[in-house]
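Residue-level listing of the chains:
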Amino acid sequence: PHGIAHERLAIMDPESGSQPLTSADGGVIVAANGEIYNYKELYDGLKVDYKPKTGSDCEVILPLYEEHGATIELPKKLRGMFSFILYDRKNDLFLIAR
């Protein structure tokens, strides 16, 4: 079994943006730090249907992973100062980017 713990300074959505963030089915878990400047544009450009559960800019990583998987395309789309760890339970896979 794997686990992800996270403590952060909550600037974006301190009320509902607690972490780790999880996909709707709980199969993908993300802990992130920093700020993703272009998260609104990324939501607008998604090919998958996704309704954010929080106001956290980092939640956009979940649907981007659904679209791109563990490829270099996911972190290349993000603009900002950030780091994240993503765990995919189904595939027992970690994706870490900074």
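Report follows, based on the coordinates. (Residues numbered from 1 in each chain as written. Predicted model: local features only at pLDDT ≥ 70, side-chain atom pairs only at ≥ 80, totals over all residues. Heavy atoms only, no water.)

1. Focus on the nonpolar core
So, step 1. By size, the foremost hydrophobic cluster in this structure holds 23 residues, and its most contacted members are Ile 36, Val 60, Ile 61, Leu 74, Leu 78, Phe 84 and Leu 86.
So, step 2. Among the elements of the structure, strand E2 (28-36), helix H1 (39-44), helix H2 (61-68), strand E3 (80-88) and strand E4 (93-97) are those that each provide at least two residues to this core.
So, step 3. Look past the residues within four positions of Val 60 in its chain and what remains in contact with it is Ile 36, Tyr 39, Leu 42, Tyr 43 and Leu 78. (Core = buried A, V, L, I, M, F, W, Y, C linked by side-chain atoms within 4.5 Å. Buried < 20%, exposed > 50% of the residue type's maximum accessible area, 1.4 Å probe, protein only. Helix = DSSP H or I, 4+ residues; strand = E, 2+ residues; numbered from the N terminus. Contact = heavy atoms within 4.5 Å.)

2. Remarks on the side chain of Asp 88
So, step 1. Within the secondary structure, Asp 88 sits in strand E3.
So, step 2. Look at Asp 88: it is buried, it has no salt bridge, and the nearest opposite charge is Lys 90 at 7.3 Å.
So, step 3. One polar contact links Asp 88 to Asn 91, side chain to side chain, over a distance of 2.9 Å.
So, step 4. Those residues in contact with Asp 88, other than ones at most four positions away along the chain, are Gly 27, Val 28, Tyr 65 and Leu 93. (Lys, Arg positive; Asp, Glu negative; His and termini not counted. Salt bridge = Lys/Arg side-chain N within 4 Å of Asp/Glu carboxyl O. Polar contact = N/O pair within 3.5 Å; in protein donor to acceptor, adjacent residues only side chain to side chain.)

3. Focus: the packing of aromatic side chains
So, step 1. Overall, the coordinates contain four aromatic pairs when judged by the stated rule.
So, step 2. Pairing Tyr 39 with Tyr 43 gives two aromatic rings, centres 6.5 Å apart and planes at 80 degrees, and the pair type is edge-to-face. You can see Tyr 39 and its partner Tyr 43 sitting in helix H1, four residues apart, about one turn around the helix.
So, step 3. Owing to a relative accessible area of 16%, Tyr 39 belongs among the buried residues under this scheme.
So, step 4. A centroid spacing of 4.6 Å and a plane angle of 35 degrees characterise the contact between Tyr 87 and Phe 94, whose relative ring orientation is tilted.
So, step 5. Using a relative accessible area of 38% as the deciding quantity, one classes Phe 94 as partly exposed.
So, step 6. One aromatic cluster is present, formed by Tyr 39, Tyr 43 and Tyr 50 through successive ring pairs. (Phe/Tyr/Trp six-rings, centres within 6.5 Å; stacked < 30°, edge-to-face > 60°.)

4. Observations regarding the pairing of E4
So, step 1. Summarising the sheet, E3 and E4 pair through five bridges and their orientation is antiparallel. Across the sheet, residue Leu 86 finds its bridge partner in E4, namely Leu 95. (Pairing = 2+ DSSP bridges.)

5. What to know about the sheet that holds E4
So, step 1. Across the sheet, which stays open at both edges, the four strands sit in the order E1-E2-E3-E4 with antiparallel pairing between neighbours. The open sheet has two free edges, formed respectively by strand E1 (21-22) and E4, since each of these has just one partner strand.
So, step 2. Both E1 and E2 contribute to a ladder of two bridges, which runs antiparallel. Note that in E2 the partner of Leu 21 across the bridge is Val 30.
So, step 3. Relative to the sheet, H2 contacts E1, E2, E3 and E4, its axis offset from that of E2 by approximately 120 degrees. (Axes fitted to C-alpha atoms, helices over the stretch in contact; angles between N-to-C directions.)

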